[in-house]
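Below are the chains, spelled out letter by letter.
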Amino acid sequence: NLPYVIDFENGLESTGLTFAGGPFYQWFNQTSGGQFKTGIDQFGLTGPSADHTLGTPAGHYAVTQAAAGDVGDVVTMTSPCIDLTGTIDPEIRCWYHMFGFQMGNMLLQVNDDNGWVTIDSILGEQQFTNFDDWKVRTVKLTQYIGKFVRYRFISFRGNGSASNMGLDDISV
């Protein structure tokens with residue numbers, strides 16, 4: 001059902017998304033307490049200082065953990081089916097934070113049962129400190145009007161641990 005919105009405030013498990021990859025390079029939910037890390041990377045070398053939704057370290061967002069793994073390791077975050085029948089001008093919007101001097105790349109793909117198609121890519125470092133603002137990306141889905149689709153984000157680990165990628169406030 002539209003609008004389809006994910007803000008990660010209730011954790012990764014409550015989103016309906018599926019996650020694949022690892023075993024070392026994985027998606028995590030970034031929070032201020034419990035079993036998760038605080039808002040900023042312990043060394044301040046990568047990732048955002050706060051989430052996008054609340055704008056504080058107490059907020060939640062999805063983040064890749066690049067502390068372990070190999071260059072080019074891949075993790076995916078895939079949505080359930082989304083019904084775009086009856087839509088006029090559908091789009092997907094997400095907020096992302098890609099700070100880290102060893103940053104990898106991220107792709108956005110869509111599948112309407114005819115295979116995965118890359119509709120956007122974000123390459124390399126996009127922010128230059130933990131405290132830089134999150135950036136928004138909006139991609140039109142008009143070619144999928146009248147169809148059921150899934151989307152997925154594919155994150156490719158950069159050449160070291162300073163390549164944590166954050167995603168927040170995804171909406172269709």
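Residues numbered from 1 in each chain as written. Predicted model: local features only at pLDDT ≥ 70, side-chain atom pairs only at ≥ 80, totals over all residues. Heavy atoms only, no water.

### Here we look at the overall build of the protein
And step 1. Secondary structure assignment for the protein yields zero helices and 12 strands.
And step 2. Helices and strands in the protein line up, N terminus first, as β-β-β-β-β-β-β-β-β-β-β-β.
And step 3. Across its three principal axes, the protein shows a C-alpha extent of roughly 45 × 30 × 25 Å.
And step 4. Taken across its 172 residues, the protein has 49% of its residues classed as buried.
And step 5. Pairs at least 24 apart in sequence give 81% of the contacts found in the protein among residues at least 6 apart.
And step 6. Counting 9 positive and 18 negative side-chain charges, the protein places the centres of these two groups 6 Å from one another. (Helix = DSSP H or I, 4+ residues; strand = E, 2+ residues; numbered from the N terminus. Buried < 20%, exposed > 50% of the residue type's maximum accessible area, 1.4 Å probe, protein only. Contact = heavy atoms within 4.5 Å. Lys, Arg positive; Asp, Glu negative; His and termini not counted. Charge placed at Lys NZ, Arg CZ, Asp CG, Glu CD.)

### Overview of the environment of Asn130
And step 1. Here Asn130 shows up in the loop between strand E9 (116-123) and strand E10 (135-140).
And step 2. Sequence separation between Asn130 and Gly100 is 30 residues, and the spatial gap between their C-alpha atoms is 8.5 Å.
And step 3. Here the side chain of Asn130 touches Thr46 through a polar contact of 3.2 Å, landing on its backbone oxygen.
And step 4. Among the polar contacts made by the side chain of Asn130, one reaches the main-chain carbonyl oxygen of Gly47 at a distance of 2.7 Å. (Polar contact = N/O pair within 3.5 Å; in protein donor to acceptor, adjacent residues only side chain to side chain.)

### Structural notes on the side chain of Glu9
And step 1. With respect to the secondary-structure elements, Glu9 resides in the loop between strand E1 (5-6) and strand E2 (18-21).
And step 2. Not counting residues up to four positions away in its chain, the partners in contact with Glu9 are Asp51, Thr53, Leu54, Gly59 and His60.

### A closer look at the nonpolar core
And step 1. Residues Met77, Tyr151, Phe153 and Ile170 are the most contacted members of the largest nonpolar core, which totals 33 residues.
And step 2. Of all elements in the fold, only strand E5 (74-78), strand E7 (91-97), strand E8 (105-111), E9, strand E11 (148-156) and strand E12 (166-171) reach the threshold of two or more residues within this core.
And step 3. Ignoring anything within four residues of it in the chain, the contact list for Ile170 reads Tyr4, Val5, Ile6, Phe8, Met77, Ile92, Arg93, Cys94, Tyr151 and Phe153. (Core = buried A, V, L, I, M, F, W, Y, C linked by side-chain atoms within 4.5 Å.)

### Remarks on the packing of aromatic side chains
For any pair of aromatic rings, geometry is given as the distance between the ring centres together with the angle between the planes.
And step 1. Tallying each qualifying case throughout the model produces three aromatic pairs.
And step 2. When the ring of Tyr4 is compared with that of Tyr151, the centres are 6.1 Å apart and the planes differ by 70 degrees; the resulting orientation is edge-to-face. In this pair, Tyr4 sits in the segment before E1 while Tyr151 sits in strand E11, placing the two residues 147 residues apart along the sequence.
And step 3. Taking the relative accessible area as the measure of exposure, Tyr151 reaches 3% and is therefore buried.
And step 4. When the centroid spacing of 5.3 Å and the interplanar angle of 80 degrees are considered together, the rings of Tyr61 and Trp134 count as edge-to-face. Within this pair, whereas Tyr61 is found in strand E4 (residues 61-65), its partner Trp134 is found in the loop between E9 and E10, the two being separated by 73 residues in sequence. Of the two residues examined, Tyr61 and Trp134, each falls in the buried class.
And step 5. Ring-pair connections join several aromatic residues into one group, and the members of that group are Tyr4, Tyr151 and Phe153. (Phe/Tyr/Trp six-rings, centres within 6.5 Å; stacked < 30°, edge-to-face > 60°.)

### Here's the deal with the pairing of E5
And step 1. Buried residues dominate E5, accounting for four of its five residues.
And step 2. As paired elements, E2 and E5 share four bridges and run antiparallel to each other. Residue pairing across strands places Thr18 opposite Thr78, the latter belonging to E5. (Pairing = 2+ DSSP bridges.)

### Digging into the confidence of the model for the protein
And step 1. Averaged over all residues, the pLDDT of the protein equals 88, while 91% of them reach at least 70.
And step 2. Note on residues 32-38: pLDDT is under 50 here. Beyond four places in sequence and across chains, it has 12 contacts. (pLDDT = per-residue confidence, 0-100.)

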